[in-house]
Amino acid sequence: MTNESTLAAPNLLRRIPWRSVAIVVPFLAVLIALSISSPAFLTFQNVGNVLDRQAGILIVAAASTLVLIAGGIDLSIGATYMFTAVICGTVIVKVGGAEGAALGILAGVLAGLIVGIANGLIITYLKINPLIATLAMSFIILGATKLVSQFGKQGVGQIRVDVDEFRWLATTKPLGISLPTWIAFVILVILGIVLWRTTFGRYVYAAGGNAEAARLAGIRVNLVRISTFALAGLAAGIAGVIDLARTPSVPENDAIATTLTFTVLAGIVVGGTSILGGEGAIWRTVLGILFIAMLYNGFTLLRVDPLFQGIALGVIILVAVGFDAWSKYRRT
Amino acid sequence: MGRVVVTDVASSDAPQLLVELRGVGKSFGGLPVLSNIDLRLQPGSVHALVGENGAGKSTLSKIIAGLYTADSGVIVVNGEEVSFSSPREALDRGIATIAQELALVPALTVAENVFLGREPRTLGWVSRRKLRKEFTRLAERTGFTFNPDAQVGSLRTADQQKVEILRALARGASLIIMDEPTAALSAHDTELLHGVVRQLAATGHTVLLISHYLREVIELCDTVTILRDGQLIRTAPTADETEASLIEGMLGRSLGSVFPPKAPAPTDGDDVLTVTDLVGPGVNGVSLSLRPGEIVGLAGLVGAGRSEIAHAIYGAVRRSGGSVAVGGVECGPSITGALRSGIFLIPESRKEQGLVLGRPIRQNVTLSNLNEVAIGGWVNPNRERRAARGMLERVTVAGDDRRNVSALSGGNQQKVLFARALQRTRKVLIADEPTRGVDVGSRRAIYDLIAEQAAQGIGVLVISSDVEEVLGLAHRILVIRAGRVVAELSGDQMTEENVITAAFADPITVGPTPAGPTTAGPITTESY
C-alpha cells in the first residue's frame, strides 16, 4: 500500500527525525530553563549528586532498553533490584570484613543474573507473555526477598552494612566523580556499543522488529530474548549492590521496587524507545531517565510541592507516547 | 456485461453515482505524484486502474476515497463539486474502499459485522431479529448468499471480502474501490470474488479496481485507465486492450517476453536436494528431488500445503518424520542446519516473514549472513556496506540503502530478499510466492534472478499460486494437494489444464493411499 507516498513523502518528512526531536528538545529546554531559574542547578555538586543517585537506575534502564527493543518487557527488575541488595547485605553481614564485601557483591550480582535467565527461560520456552511472566516473577522475588531478609537481620530492624570495605564502592570518587557514576557510565557505553555495532545488537533489533522474519533468517530469536532478560537481571543485580553501598541500609519496601520498575519504563518510553519493540537506543533511555531526574531535582530546587512531580511525570509520559504515535502516523 | 444492464438498473434501488475527476494533481513533499488526471467513473461499470508501483494508483484511489486531499483539480459527484477531508465524508457521498487488510471483527457474526456501529436498536438493545431481517434484505438486493450467523473469523478470505463489501453497501456505498482484492486469494476464491464484482456492477454500483493481474483486468473490467509516473496515459474500453498493450502503456515500452528463456532441463548431475518421506505440520509424506540447475515448481491451491513443505524442508517447523539431504549429506532439522547445508528460503509473506520493515535496507540484506561482515561479533560497517551494495546492485535496487526497507515498493522489497539469498552461494533456493504484489516491471527482474540462480547450478524450488508463473519458469512441476505430491508434470504435460485438474481433483480420501487424479490422461501420479 501507499506506493506513492512511500516514494515521495519520505524525502522531506522522513528526513526530520521526529523521534529524536521528541526527547532532545524538551531535555535541552528543561536544562536551560532550570539553569536560568535556579543558580544551584548547574553546579558541579548538584549535577554530580543527581548522576550519583541515578547511577543504579541508569544501569537498569539501559539493560531494560535491550529487553524492550527485543520485543519483551521486564516488570520484575525492581523486585530483582531489591532482592539482590538483600542478598548482598545478608552475605556481608553474615561473613563480614573485606571477604564478606567481595562475596556479597558477587552473590548480589549473580542472583540478579540468575533471576534474569529464569525470566528469559519462562518467557521463551513456556511461551508466557513477558508482561504476565515478569509480573508474576516480581511477586515471587519480593516474597523471596523477605525470606532472605528475615534470615539476614535475625530480629527487628534493618540490615545495615556499615562495612567500610563495602561502602568504599560508593564513597570513592576518582577524578571527583563518584564510582557508581563511573560504573554506570562504563556500562552504558558498553551496552550502547553492543546495540550499535555488534551482531548481537542487530539480532536484538531484528527479534523485536519482526521475530518471525528474524527466525527465518536463521537468527536464534529465543536465545537473543533470553540474553536480553539475563542482561536486565544482571544490571538489576549491579544496581542493587551499588545502591546498597550508597544507602547503606537494605531497602525493604515493596513500593521501592515498584517505583524503580515504573521509573525505568517511564524513562525508556519518554526517551522514545518503542514499547512495541524493534526500535530504540541507549542514549534515548539515558536522556529519558535524566530528564525525569532533572525535573524532580528542579522541583526540589524551586521548592515546588512534590505532589506535582507525579502529575508532571504522568503528563510527560502521555505526551511522549502520544508524540511517538503521531510521528509514526506521519510516516505512514 | 456491465454496460448493457446499466439502463434497466436505473429501476433498481441502488443509487446511481457518477464520479468525475477533473485535472486532479497531488504532490508529496514537493514531488508531484499525480498531475492533471481526468477520470470519469461510469455508474454500473467496473473500472480498472493499472500501473507500475509508484505510478500513482493508490494515491488516486485515496483521493477519491477522501484519505488524501487533491492539491489541484476537482472531484465532481453527480454533477456537484465536492471536497472530502476524510473517508467518512466520502462514505457519506456513497464512496467506500475495501482495503487489502480487512477490517472485520472475527469474533462477530456476518450480520453483526455488516451492521457494525449501526445496529438496529430497540431501547439501546440490539434487535437480533431486525438485524437479520435487514441483512436478508441487503443480501437479496445484491444477490449474495450468506449465512448471517456465521462467524466472520471462520470464513475464507474471499467471503470476508464479501462481508466487507456488504458492509460498504449497508452504509449506502455505490462506488466501491478495491485495492488488489485478489492478491491474497486462491484461484477458486478469485473466481468467487469476480462473480461478486460482476454482480455489483449489474446492480448499478460502480467498482474501481486496482490490480496487478492484467488478465483479471481484461476479463473483469469494462474500462481501464493506465497510469505511468503520475500521468494518465489513456482510458479505454478493455475490449480494445490486450495484456501486451496494457504493459506497454504502463512501462512506456514493450516488455518483451514475460519470462526469461528457459534453459534446457539439466539431465545429468546428482540430486542437489533429496527429500524423503517428509512429515510435519501440514506435510503428509513428501518425497521430491532437485537437480543442480533445475527449477521445480510447486503448484496447488492455497492451503494445499506448499508453504508447509517449504518450511519443513527449511527446518522452520518440527519434522515428525522423513529426511532432507543436500548433495547426499543429511541436513539437520533446524533453520541453522538448513542454512549450513546451503538451503535458503524466501518466505511467502515478505512483510510478516521476510523483512524487518523498521530497519534499514542494508541491514535487511545482511541479516542472514551477518557473520560474514563481522569479526568476532563486531559488525564491520565498511564491509557490510560493500557487501550490501554489491548484492543490491545485482538485484537492481537503487538508492540509499540506509533508508528503511519499508520505503521500497513491493517489487523492490522482494528483490531485497533475493539480495539476502545471494549474499552467500546457496545450493538450494526455495522461493515462496516470489512475485505476489509485485509490479510488472519488477516481476521480470525477479524471474531473471531465479533463472540466473539456476544457471549457476543452484536447485530452485518455486512455489506460486499463479499457474502461468510456474509454467513459465519451471522445468518440472509438482502439484500439491493436502500436503502430498499428487502429480508430477514435465515436458509436454506441463499445461495449465493439467495443473488445475490435479490441484482440484477429487477431495482427497484420508488414508495411506490417496486417490490420484481421476483424469489419468498425461498426468503421472506418484505412488505411495
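Residues numbered from 1 in each chain as written. Chains lettered and ligands numbered in written order. Predicted model: local features only at pLDDT ≥ 70, side-chain atom pairs only at ≥ 80, totals over all residues.

Comments concerning the domain arrangement of chain B
Residues and elements named next belong to chain B. Examined at the domain level, chain B breaks down into domain 1 (2–251) and domain 2 (273–361 + 426–504). A C-alpha centroid distance of 34 Å is found between domain 1 and domain 2. Facing the 11 residues of domain 1 at the interface are 8 residues of domain 2. Contributing elements (two or more residues each) for the side of domain 1 that touches domain 2: α7 (187–202) and α9 (243–251). For the side of domain 1 that touches domain 2, the element with the highest residue contribution is α9, accounting for 3 residues. (Domains from an automatic or database assignment. Contact = placed C-beta atoms within 7 Å. Helix = DSSP H or I, 4+ residues; strand = E, 2+ residues; numbered from the N terminus.)

Here we look at the sheet that holds strand β22 (residues 459–463) of chain B
Residues and elements named next belong to chain B. Within the open sheet, the 6 strands sit side by side as β18-β21-β22-β15-β23-β24. Their pairing is mixed. Edge strands, defined here as strands with exactly one partner in the open sheet, are β18 (343–346) and β24 (484–490). Along the sheet, successive strands turn relative to each other by an average axial angle of 20°, direction set aside. Alignment of strand β15 (residues 295–300) against strand β23 (residues 476–481), held across 5 bridges, turns out to be parallel. Within β23, the residue paired with Leu-298 across the bridge is Leu-478. Across the sheet, helix α10 (residues 306–314) touches β15, β18, β21 (428–432), β22 and β23, and the angle it forms with β21 is around 150°. (Pairing = 2+ DSSP bridges. Axes fitted to C-alpha atoms, helices over the stretch in contact; angles between N-to-C directions.)

Some details on the packing of helix α5 (residues 77–95) of chain A against helix α6 (residues 97–125) of chain A
Residue and element names in this part refer to chain A. α6 packs onto α5 with a crossing angle of 155° between their chain directions and a minimal axis gap of 8 Å. With respect to α6, the axis of α5 lies roughly antiparallel. Crossing hand, α5 versus α6: right-handed. Residues Thr-80, Phe-83, Thr-84, Ala-85, Ile-87, Cys-88, Gly-89, Val-91, Ile-92 and Val-95 of α5 form the contact with α6, whose participating residues are Glu-99, Gly-100, Ala-101, Leu-103, Gly-104, Ile-105, Ala-107, Gly-108, Ala-111, Gly-112 and Val-115. For the contact of α5 with α6, a count of residues per class yields 13 nonpolar, 7 polar and 1 charged. (Parallel < 35°, antiparallel > 145°, perpendicular 65-115°, else oblique. Left-handed = near helix turned anticlockwise from the far one by under 90°. Nonpolar A, V, L, I, M, F, W, Y, C, P; charged D, E, K, R; others polar.)

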